Every structure is written in structure tokens, then in C-alpha cells.
Amino acid sequence: MPTIRQEPRQMHSECDHRIKPTRPGGWGIGIFLGVSRQRVRRAVLMLHLTLGLAVGALLALTALTGSLLVFYVDIDRVLTPELVVPAGHGEALPLDRVVQALREAHPTRSGGWRLEIPHGPDHPIMARYMKPQETAGKSFAPLMVAVSPYSGEVLSSRFWGRTAMTWVYDLHYLLLAGDSGRTVLTLGGIGSLLVLASGVYLWWPAAGKWGRALRPRLRSGFVRQVFDIHVLAGVYGLVVLLPLIVTGVVMEQPEWVKPVVERLSPVTAAPAIAPAQGGTAVGADAALAAALARFPQAEPRWVEVPGQGGGAYHIRLFQAGEPGWRFPKTSVWVNGGDGTILDLRDPTRWTAGDAFFGWQHPLHNGECFGLCCRILVAVAGLLPALLLATGVVRWRQKKATRPARAGR
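Thresholds applied
- Residues numbered from 1 in each chain as written.
- Predicted model: local features only at pLDDT ≥ 70, side-chain atom pairs only at ≥ 80, totals over all residues.
- Heavy atoms only, no water.
- Buried < 20%, exposed > 50% of the residue type's maximum accessible area, 1.4 Å probe, protein only.
- Helix = DSSP H or I, 4+ residues; strand = E, 2+ residues; numbered from the N terminus.
- Arc of directions from axis to C-beta.
- Salt bridge = Lys/Arg side-chain N within 4 Å of Asp/Glu carboxyl O.
- 1 Å grid on protein atoms, 1.4 Å probe; cavity = no way out; pocket = protein on both sides within 12 Å on 5 of 7 lines; lining within 4 Å.
- Points joined across faces, edges and corners; volume = space filled by probe spheres on them.
- Nonpolar A, V, L, I, M, F, W, Y, C, P; charged D, E, K, R; others polar.
- Pairing = 2+ DSSP bridges.
- Axes fitted to C-alpha atoms, helices over the stretch in contact; angles between N-to-C directions.
- pLDDT = per-residue confidence, 0-100.
- Contact = heavy atoms within 4.5 Å.
- Polar contact = N/O pair within 3.5 Å; in protein donor to acceptor, adjacent residues only side chain to side chain.
- Phe/Tyr/Trp six-rings, centres within 6.5 Å; stacked < 30°, edge-to-face > 60°.

Asks: So what's going on with helix 12 (residues 370–380)? Residues and values would help.
Replies: Within the span of helix 12, buried status applies to Cys373, Arg374, Val377, Ala378 and Ala380. Seen end-on, helix 12 carries its buried residues on one side only, within an arc spanning 165 degrees. Exposed and facing more than 90 degrees away from the buried side of helix 12 are Leu371 and Cys372.

Asks: I'd like a description of the pattern of salt bridges, backed by residues and values.
Replies: On inspection of all chains with the given rule, the structure shows 11 salt bridges. In this structure, the salt-bridge partner of Asp122 is Arg77, at a minimum N-O distance of 3.1 Å. Here Asp122, found in the loop between strand 1 (113–116) and strand 2 (125–129), pairs with Arg77, found in helix 2 (residues 72–79); they are 45 residues apart in sequence, far enough to count as distant. In this structure Asp122 comes out as partly exposed when scored by relative accessible area, which is 26%. Residue Arg301 is joined to Glu299 by a salt bridge in which the shortest nitrogen-to-oxygen separation is 3.3 Å. Since its relative accessible area comes to 14%, Arg301 is described here as buried. Three or more residues are tied together by salt bridges with common partners; here these are Asp179, Arg182 and Glu252.

Asks: Tell me about empty space enclosed by the protein, and please be specific about residues and values.
Replies: Considering all chains together, one arrives at two cavities of 30 Å³ or more under this definition. Of the voids in this model, the largest cavity is the one considered here, and its volume is about 260 Å³. Around the largest cavity, the lining is made up of 20 residues, and of these Val73, Asp76, Glu116, Met126 and Arg326 lie nearest the centre. Within the residue set of the lining of the largest cavity, elements represented by two or more residues are helix 2, strand 2 and helix 4 (164–174). Per-element tally for the lining of the largest cavity: the top contributor is helix 2, with four residues. Here the lining of the largest cavity is composed, by residue class, of 10 nonpolar, four polar and six charged.

Asks: Lay out the pairing of strand 4 (residues 154–159) with the relevant residues and their values.
Replies: Each regular strand displays side chains that alternate between the two surfaces of the sheet. Pairing of strand 3 (residues 143–147) with strand 4 involves five bridges; the strand directions are antiparallel. Across the sheet, residue Val145 finds its bridge partner in strand 4, namely Ser157. From the end of strand 3 to the start of strand 4, which pair antiparallel, there are six residues, and Gly152 there has a positive phi angle of about 80 degrees.

Asks: Describe the environment of Val235, naming the residues involved and giving the relevant values.
Replies: On the secondary structure map, Val235 appears in helix 7 (residues 222–252). Between the alpha carbons of Val235 and Leu214 there is a distance of 8.0 Å; along the sequence they are 21 residues apart.

Asks: Give me the lowdown on the sheet that holds strand 2, citing residues and values where you can.
Replies: Taken in spatial order, the eight strands make up an open sheet running 4-3-2-1-5-6-7-8, and their pairing is antiparallel. With one partner strand each, in any of the chains shown, strand 4 and strand 8 (341–345) form the two edges of the open sheet. Between one strand and the next, the sheet's axes are offset by a mean angle of 20 degrees, whatever the strand orientation.

Asks: Any chance you could break down the confidence of the model for the protein chain for me, citing the residues and the numbers?
Replies: Model confidence for the protein chain is summarised by a mean pLDDT of 89, while 89% of its residues fall at 70 or above. Here residues 1–30 is a poorly scored stretch, pLDDT under 50, and it has 67 contacts once near neighbours within four places are set aside; other chains count.

Asks: Talk me through the environment of Arg219; I want residue IDs and the actual numbers.
Replies: Here Arg219 is to be found in the loop between helix 6 (210–214) and helix 7. Counting along the chain gives 10 residues from Arg219 to Ile229, while the straight-line C-alpha distance between them is 9.9 Å. For Arg219, the side chain forms a polar contact with the side chain of Asp228, separated by 2.9 Å.

Asks: I'd love a proper account of unusual backbone geometry, names of residues and values included.
Replies: For Leu175, which is not a glycine, the phi torsion comes out positive at approximately 55 degrees. With respect to the helices and strands, the residue Leu175 is situated in the loop between helix 4 and helix 5 (178–203). Positioned with a positive phi, Leu176 is a non-glycine residue whose angle comes to about 60 degrees. Structurally, Leu176 is set in the loop between helix 4 and helix 5. Accessibility expressed as a relative area gives 46% for Leu176, which makes it partly exposed.

Asks: Tell me about the packing of aromatic side chains, residues and numbers included.
Replies: Per the counting criterion, the structure on display carries 11 aromatic pairs. An angle of 80 degrees between the planes, with centres 5.3 Å apart, marks the rings of Trp160 and Tyr169 as edge-to-face. Judged by its relative accessible area of 3%, Trp160 is buried. Relative to Trp210, the ring of Trp203 lies with its centre 5.6 Å away and its plane at 85 degrees, an arrangement referred to as edge-to-face.

Structure follows, in C-alpha cells:
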């Protein structure tokens, strides 16, 4: 993260405990009573160096995997040709036929299926069976089945975590270590925020020098160029890295953040849907039609079909203006017995607390502002590796010159 050239040393008496003046326009240090500016800078520099080396590799790993995950659906389709459906097959099948095809292909799985509506004419319907027996020991490892929306043919069946991109997802989100990995990533995210804050403090320019400090330039000489690259990557990358790290921490540990948010604004709880009673008389197409009747301008994204024992459909729709388009927050729960609406959630009526949590994932993967923002987030994921590399080189350079400075 950003550092700054060491200023010439000034002589200080051991008994001089007066508050030292700050540079005009610079950050004040009045809160550090009795501590000179030079000592504060030395302490912040040591904090920046120590934390940077401690969490730098972790931040670089999660950022690089995050860059891949911004486009993980597209990459998965490249790695799995079965997920590309030739277009031009006529009308898509009703969802009820798709559900029937899934149950015929997996007759022993009596639970519900979660169907993702295709993103385009050459995309399959991606179905997830959330709790397969084969991965019962994992918190999230559904069976993923791709179905042709035109013929109902099962194109592929894969378990989460056993494909390249879902493995990268688990590495990014859990370090492949479950709840322990989540805790490590949370602490690493907090440490990364301290690295950012200390780097900004060390870089903060004096009044009247902002233009020069923000001007992108590489001076001559390897040592200066390493320093300039480190500073520029940290300063310009801060705009993107800061929200990415904050949203990552919030999504890792929402229960830590929720009590704080609720002090400022209420957060709408998930609906309490009564347990299933009897079978399912209403089909998936009828349930989707009931949901669209409440939100006629919305686009369907997910249809969660209850198990054969009965229950409620959970329909997720996308309304214009929502921050997330793949996992939107417009939700309708439809009774599988009689087709009545049990409950719904409308983002146009969000509280401030609802909006805070609703924006976390779209901000984290960049989908909130379209393709350009996703590309920006993907490129920003390369910056922590660059900061780590230049920071290590800078540390070795200073370490090599330390004996000479001590001799002088």
C-alpha cells in the first residue's frame, strides 16, 4: 500500500513531550498526545509493513480468485461445452416439463429443485438440488443439472465443488476450510482495511501538493519506479478496493454487522412459511404466472420448486432498478396447494437496512453498474498482487540499505 519517502530526521529531546505541529493541510496528530509526528509515522509505517506482509498474500489470493468469479458463469461455459445449447430449436418447454425431466433423471431425489431461467437462447436451464446425499457433510454443495430448455434433455450433472469454477468459488469464499476459512478471511479483510488506512496516512500529501501527488508518473531508477508503482496502485486502486473489501467482510459475517445496521434502520426478516401439508397441486408455470401477476413488469430469474411432499414455490424476479440482476431481491412465495400468494418482498419498499444488505453482493461482483463495472472489478482484483510484489521489493530494498544508514 502507499508509503512515502522518509523525511530528514529532526533532533528531539527525550523530555520534549509537546505536541508537534503538523504540515499545513496534512493529517493532524493531536490525538497522539506527547508523541512526535516522526514517531507516529514510524509506528504507522511499522503497522503498514507488518500487516501488509501478514495479510498481503491472503488478500492477493482472494482478489485474484474474485477476478475470475466476476465472469465465472461465462468461464464455466467455456470449460464445459455441454452448457452451450445450440439455438433455433423453436419454443422453450413449459417449466413443468423441465421439472418432470429432472425427476425422471433423478427418481430417488424427492426434494425440491431450484431452477435458474436461461440468460439467453443458447443457455440451458440450470437446476440445483440443494441437499444431495452425496455431499451431506458440506454446508453448500448442491447437485447442478443442466437441462435443455427446448427438449428437456439432461445435458450435464455435476456436484458443486467438483468443477473448476465452483472450486475457485469455495476457495474465494471459504478457503476450502468451512467456517474456519470464513473466520480467517474476515480477520484478513479487517487487517487489509488497516493496511489501506495506514497506507493512506503515510501517503497523504501536504496542502498545495495534491496535483503532484495524484499525477501518474514513473521516475527514473528501479528503486523509485518500484515506489511509484506501489503508491499509484494503492492510491488509484483504493476507490475500488475499499468497497470490495468492506462488502467481502459483510458477506462473510453478516451476523456481526446486522445488529449495528438494525440500530440505524430495521432489516426485514425472511418470511415464516408454514411446513408442507399434502402434495403439490399447482405446477411451476402456474406459480410463476401468479408471481408475475403481482409484478407484471418483472423478469423471472429463479423458480424454486417444492419437494414432492408439497410446500411453497419461491419465485425470484428482477425489477428495473434493482442492483443485482442474477440474484434479484424481488421475491414471491406461492402456495403449492392452491396457488395463493403467501408472502412477497419488493425492493421498491426497502428500508435503509434492507438496501444496505441488498447492495452488498452486486457491489462486490460489479454487476450493479453493468459490464463496465464488472470489468473494473475484475481488473482491480489484480492490484493486491501488484501491491504485495512491489511492497516486498520495497521492503527488501530498505532492508539492504539499513546497515549503511546505521553506519552514517
